[in-house]
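Next come the chains, spelled out residue by residue.
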Amino acid sequence: MKFFIDTANLSDIKEAYSLGILDGVTTNPSLMAKEGIAGYDAVMKHYLTICEIVDGPVSAEVIATDFEGMVREGEALAALHSNIVVKIPMILEGIKAIKYFSKKGIRTNCTLIFSAGQALLAAKAGATYISPFLGRLDDVSTSGTGLIQQIRLIFDNYGFETEILAASVRHPMHIIECAEIGADVMTGPLSAIKALANHPLTDIGLQQFLADHAKVNG
Ligand code: G3P
């Protein structure tokens, strides 16, 4: 399973990349706003900086909600750097834009997926990735992992090459569950990625090893 980090924070991106396990980055307008990145030039510069840090796909989201606007914004984003994947919202105009970009060989990530029907539509249009929002479904007492399992079955039935990018991942158990059910990619915060390394028995064991070594070596 590929690991993407879901943030526009450069320090978190650098830290995750330095671990050697990071395959890509996803952003969205809320994450960009959280970092205070405002205005066209600043947004484009920020995406470029991320692309120069991480050697892998970087999802950059369009703001337009009409086909022509999405095409205009998406083409500008794709021209910025070869790492850019154009992130398109799951609306009918977005489906048209995904088909357009697919024909042009520009990679897309269809975001805000909350049902298997939406995933199927985006895959048929040729999306490179579809992003089911695991955590947000869990927030409304609906199984996010259940949706990913359903999409996995459908994509496998028909050999869709569209990758399932589990998004809105909140904690390490989400990551483990995504791996168990065969998500192709997960994107989550640095905290969830780092938490995978934690186990109290590892800490106790390491302390013991170091103490035993010190006893005889001083
Ligand atoms: O990748 C989508 C993600 O940014 C949404 O996460 O935690 O806001 O539901 P969250």
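To be clear, the structure that these remarks concern was listed above.
The present account deals with the structure reproduced in this document.

Cut-offs and rules
- Residues numbered from 1 in each chain as written.
- Predicted model: local features only at pLDDT ≥ 70, side-chain atom pairs only at ≥ 80, totals over all residues.
- Heavy atoms only, no water.
- 1 Å grid on protein atoms, 1.4 Å probe; cavity = no way out; pocket = protein on both sides within 12 Å on 5 of 7 lines; lining within 4 Å.
- Points joined across faces, edges and corners; volume = space filled by probe spheres on them.
- Helix = DSSP H or I, 4+ residues; strand = E, 2+ residues; numbered from the N terminus.
- Nonpolar A, V, L, I, M, F, W, Y, C, P; charged D, E, K, R; others polar.
- Salt bridge = Lys/Arg side-chain N within 4 Å of Asp/Glu carboxyl O.
- Buried < 20%, exposed > 50% of the residue type's maximum accessible area, 1.4 Å probe, protein only.
- Arc of directions from axis to C-beta.
- Contact = heavy atoms within 4.5 Å.
- Near = heavy atom within 4 Å.
- Polar contact = N/O pair within 3.5 Å; in protein donor to acceptor, adjacent residues only side chain to side chain.
- Areas by Shrake-Rupley, 256 points an atom, 1.4 Å probe, with all protein chains shown as cover.
- Sits in = over half its atoms within 2 Å of the grid points.
- Pairing = 2+ DSSP bridges.
- Axes fitted to C-alpha atoms, helices over the stretch in contact; angles between N-to-C directions.

1. Here we look at the layout of surface pockets
Thinking step 1. By volume, the largest pocket amounts to about 350 Å³.
Thinking step 2. Forming the walls of the largest pocket are 25 residues, and the residues nearest its centre are Asp-6, Asn-28, Leu-31, Arg-136 and Ser-168.
Thinking step 3. No other element matches the 3 residues that helix α2 (residues 29–34) contributes to the lining of the largest pocket.
Thinking step 4. Classifying every residue of the lining of the largest pocket by side-chain character gives 8 nonpolar, 11 polar and 6 charged.

2. Looking at the pattern of salt bridges
Thinking step 1. In total, this model carries 9 salt bridges according to the counting rule given.
Thinking step 2. Between Glu-163 and Lys-2 there is a salt bridge whose closest N-O contact spans 2.8 Å. You can see Glu-163 sitting in strand β7 (residues 163–166) and its partner Lys-2 sitting in strand β1 (residues 2–6), a full 161 residues away along the chain.
Thinking step 3. For Lys-2, a relative accessible area of 30% puts it in the partly exposed group.
Thinking step 4. In this structure, Lys-215 engages Asp-212 in a salt bridge whose closest nitrogen and oxygen atoms are separated by 3.1 Å. Of this pair, Lys-215 and Asp-212 both sit in helix α11 (residues 200–217), 3 residues apart, roughly one helical turn.

3. Examining helix α9 (residues 172–180)
Thinking step 1. Every buried residue belonging to α9 is among His-174, Ile-175 and Cys-178, and all of these are buried. Buried residues of α9, viewed axially, fall in a sector of 100°; they line one side.
Thinking step 2. Those residues of α9 hidden inside the fold are in contact with β1, α7 (134–139), α8 (144–158), β7, β8 (185–188) and α10 (190–195).
Thinking step 3. Of the residues one or two after α9, Gly-182 is the one with positive phi, at around 85°.

4. Points about the side chain of Thr-111
Thinking step 1. Mapped onto the elements of the fold, Thr-111 is located in strand β5 (residues 108–113).
Thinking step 2. Apart from the residues within four sequence positions on either side, Thr-111 is in contact with Glu-61, Lys-87, Ile-88, Pro-89, Met-90, Ser-131 and Phe-133.

5. A closer look at the site of the ligand
Thinking step 1. Around the ligand, the neighbouring residues are Asp-6, Asn-28, Leu-31, Phe-133, Arg-136, Ala-167, Ser-168 and Arg-170.
Thinking step 2. Asp-6 is positioned such that a nitrogen or oxygen atom in its side chain is 2.5 Å from an oxygen atom of the ligand.
Thinking step 3. Measuring from an oxygen atom of the ligand, one finds a side-chain N or O atom of Asn-28 at 2.9 Å.
Thinking step 4. Considered on its own, the ligand offers 310 Å² of accessible surface; in the complex 82% of this is hidden by protein.
Thinking step 5. Under a 2 Å grid-point criterion requiring more than half of the atoms, the pocket assigned to the ligand is the largest pocket.
Thinking step 6. In terms of residue class, the shell around the ligand is made up of 3 nonpolar, 2 polar and 3 charged.

6. Focus on the side chain of Thr-187
Thinking step 1. Assignment of secondary structure puts Thr-187 in strand β8.
Thinking step 2. At 3.5 Å, the side chain of Thr-187 forms a polar contact with the backbone oxygen of Phe-4.

7. Quick notes on the sheet that holds strand β6 (residues 129–132)
Thinking step 1. Pairing in this closed barrel of 8 strands is parallel, and the strands run β1-β2-β3-β4-β5-β6-β7-β8 around the ring. Taking each pair of neighbouring strands and ignoring which way they run, the sheet shows an average axis angle of 30°.
Thinking step 2. Bridging between strand β3 (residues 58–61) and strand β4 (residues 84–89) involves 4 bridges; their strand directions are parallel. Following the sheet pairing, Ala-60 is matched in β4 by Val-86.

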